[in-house]
Amino acid sequence: QVQLVESGGGLVQAGGSLRLSCAASGRTFSNYDMGWFRQAPGKEREFVATSYWSGARTYYGDSVKGRFTSARDNAKNTVYLQMNSLRPEDTAVYSCAARTGRVVLATRPSEYDYWGQGTQVTVTS
């Protein structure tokens, strides 16, 4: 089992920044690919970013590319999501997810085994 706890969400004006954290416990963090997803009210869960277990590569969803950066610190069992140039349409509950590291990165929620409880991000215009 892997336990994931997100933090860092909040209320921010458009154009502002937030940094989310996802702390993992329970298993060897460096064995897991880590993903970020978000879900707005009435919408399906959307892929945001994912990184290899080694941190060697990170892949982003088109809607956040160039604005968000995901980075992991395996020594601290934590993955971060730095969100810049936030827009009202970025408002959602953001969740981190984990799955055993594989060759191909995963962008679908069904491919992940463990989930955090989520943290709310609200961007005002």
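Up top is the structure.
The shown structure was predicted, so the numbers you read here are calculated from the model rather than taken from an experiment.

S.K.: Explain the nonpolar core here, please?
M.R.: Where a protein is soluble and globular, its nonpolar side chains tend to be buried together. Among the nonpolar cores identified, the biggest contains 28 residues, and Leu 4, Leu 81, Met 83 and Tyr 94 are the most heavily contacted of them. Listed by contribution, the elements that provide at least two residues to this core are strand S3 (18-25), strand S4 (32-39), strand S5 (46-51), strand S8 (78-83), strand S9 (92-100) and strand S11 (119-124).

S.K.: Would you take a moment to explain the packing of aromatic side chains for this structure?
M.R.: Within a pair of aromatic rings, the relevant descriptors are the distance that separates the centres and the angle that separates the planes. A complete count under the given rule lists six aromatic pairs for this structure. Taking the centre distance of 5.8 Å and the plane angle of 25° together, the rings of Phe 47 and Tyr 59 count as stacked. Note that Phe 47 is positioned in strand S5 and Tyr 59 in strand S6 (residues 58-60), a separation of twelve residues in sequence. Overall, the relative accessible area of 13% leaves Phe 47 in the buried class.

S.K.: What am I meant to see in the sheet that holds S8 here?
M.R.: Whether parallel or antiparallel, the strands of a sheet pair through hydrogen bonds between backbone atoms. The sheet built from four strands is open, its strands ordered S1-S3-S8-S7 with antiparallel pairing. Both edges of this open sheet fall to strand S1 (3-7) and strand S7 (68-73), since each of them pairs with a single strand only. The average angle at which neighbouring strand axes cross in this sheet is 15°, direction not considered. Where S7 meets S8, six bridges bridge the pair, whose relative direction is antiparallel. Across the sheet, the residue bridging to Thr 69 is Gln 82, located in S8.

S.K.: Would you mind going over the environment of Pro 109 with me for this structure?
M.R.: Relative to the helices and strands, Pro 109 is located in the loop between S9 and strand S10 (114-115). For Pro 109 and Ala 98, which are eleven residues apart along the polypeptide, the C-alpha to C-alpha distance reads 9.9 Å. Residues within four places of Pro 109 in sequence aside, it is in contact with Phe 37, Arg 45 and Trp 115.

What counts as what
Residues numbered from 1 in each chain as written. Predicted model: local features only at pLDDT ≥ 70, side-chain atom pairs only at ≥ 80, totals over all residues. Heavy atoms only, no water. Core = buried A, V, L, I, M, F, W, Y, C linked by side-chain atoms within 4.5 Å. Buried < 20%, exposed > 50% of the residue type's maximum accessible area, 1.4 Å probe, protein only. Helix = DSSP H or I, 4+ residues; strand = E, 2+ residues; numbered from the N terminus. Phe/Tyr/Trp six-rings, centres within 6.5 Å; stacked < 30°, edge-to-face > 60°. Pairing = 2+ DSSP bridges. Axes fitted to C-alpha atoms, helices over the stretch in contact; angles between N-to-C directions. Contact = heavy atoms within 4.5 Å.

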